[in-house]
Amino acid sequence: MDTCTILMENTNTGLSSALVEHGLSCLIEARGIRFLFDTGATGKFLFNAQLVNKDLGGIDTVVLSHSHFDHSGGFRFAAEQLPVKRLVTGPGFFNPKYSGKVPLISYHGCGFDQDFLASHGISHEVVTDRLELAKGLFVVSGFTRSYPFETIDRKFVRKEGEKIVADDFQDEVALVLENEVSLTLFVGCSHPGILSIVKDVNTRFKKPVTRIIGGAHLNKAPYTRLNMTCKELYRLGVHQTFFCHCSGNVITTMLQDRDKVSAYSVSCGDEIIL
């Protein structure tokens, strides 16, 4: 049975003993392989794995959706406590990321570098289009942005040499689980825009994304954007959503009220049957 277990998320409504933080980490067990998709901000996801009786001892691959600390800060703990030998990211992952506006910016990056990987014997694979982890299971990157209203918050910036520039999240990746007639999409934060990612993946695979799991970065979105997102998700062919972390509760409530998409709230310890 293919599953996705939420090891870290902002809430623990289902498993009250789980540790929570602003972050995301999932254990994906699908197509005969097991790996981590994001590692939260700290090592708390390792404790939660024990709570839900998930043995991470054989995990050797980690996919990081992007290098913000709340998705990649826990990688150091994974590298030191698990037999990790392979890190998969998008391009520009190690460009330092910040939040704020000059002259005051706050570091928001992953907290490790390529020297750290080398010292732990971990290889680094950069995905510029798609990488097949197992039959029908892909890491994808390089999303085309198709919806002008899906704007990236201007507070997110990165360093390029001595310059501070707006972050376009070229390092953002997603996972795609391909079935015969449909796709399941796993997202970390959807900074390029959840609709843009769905539409791009639909086009590339020539199949509809019918299920989305992860963060949609809509927690501070205005009503107009949420309303357009609901309508377009349905039009694009999405039937189920399991939004969490940075998605906010409003988008799930709106989808539930419209009764066109089966929308589920997700928290730490939840297991989604794929």
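You'll find the structure just up there.
For clarity, every value in this text was computed on a predicted model and none was experimentally measured.

We now examine the environment of E232. Structurally, the position occupied by E232 is in helix α6 (residues 223-236). For the pair formed by E232 and L195, sequence separation is 37 residues and the distance between their alpha carbons is 7.3 Å. Residues in contact with E232, not counting those within four places in the same chain, are Y147 and L195.

So, about the packing of aromatic side chains. Applying the stated criterion to the full structure yields ten aromatic pairs. Geometrically, the ring pair formed by Y147 and F149 is edge-to-face, given 5.8 Å between the ring centres and 65° between the ring planes. Among the aromatic residues, those joined into a cluster by ring pairs are F75, F93, F94, F112 and F116. Lying across the ring of F116, R76 places its NZ or CZ 4.4 Å from the centre. R130 extends its terminal NZ or CZ atom over the ring of F205, reaching a point 4.2 Å from the ring centre.

Right, let's talk about unusual backbone geometry for a bit. With an omega of 20°, the peptide bond between V102 and P103 qualifies as cis. Looking at the secondary structure, you find P103 in the loop between β6 (97-101) and β7 (104-107). Located in the positive-phi region is N53, a residue other than glycine, with phi close to 60°. Tracing the chain through its elements places N53 in the loop between α1 (44-51) and β4 (61-63). On the accessibility criterion, N53 (70% relative accessible area) is exposed. At F169, a residue that is not glycine, the phi angle is positive and equals roughly 55°. Mapped onto the secondary structure, F169 falls in the loop between β12 (163-166) and β13 (173-178).

An order of β9-β10-β13-β14-β15-β16-β17 is seen for the seven strands of this open sheet, with the pairing classed as mixed. Two strands lie at the open edges of the sheet, namely β9 (130-134) and β17 (262-265), each paired on one side alone. Adjacent strand axes in the sheet meet at a mean angle of 20°, parallel and antiparallel pairs treated alike. Note that β13 and strand β14 (residues 183-187) share four bridges and pair antiparallel.

Conventions and cut-offs
Residues numbered from 1 in each chain as written. Predicted model: local features only at pLDDT ≥ 70, side-chain atom pairs only at ≥ 80, totals over all residues. Heavy atoms only, no water. Helix = DSSP H or I, 4+ residues; strand = E, 2+ residues; numbered from the N terminus. Contact = heavy atoms within 4.5 Å. Phe/Tyr/Trp six-rings, centres within 6.5 Å; stacked < 30°, edge-to-face > 60°. Lys NZ or Arg CZ within 6 Å of the ring centre and 35° of its normal. Buried < 20%, exposed > 50% of the residue type's maximum accessible area, 1.4 Å probe, protein only. Pairing = 2+ DSSP bridges. Axes fitted to C-alpha atoms, helices over the stretch in contact; angles between N-to-C directions.

By themselves, these observations are geometric and do not establish any function.
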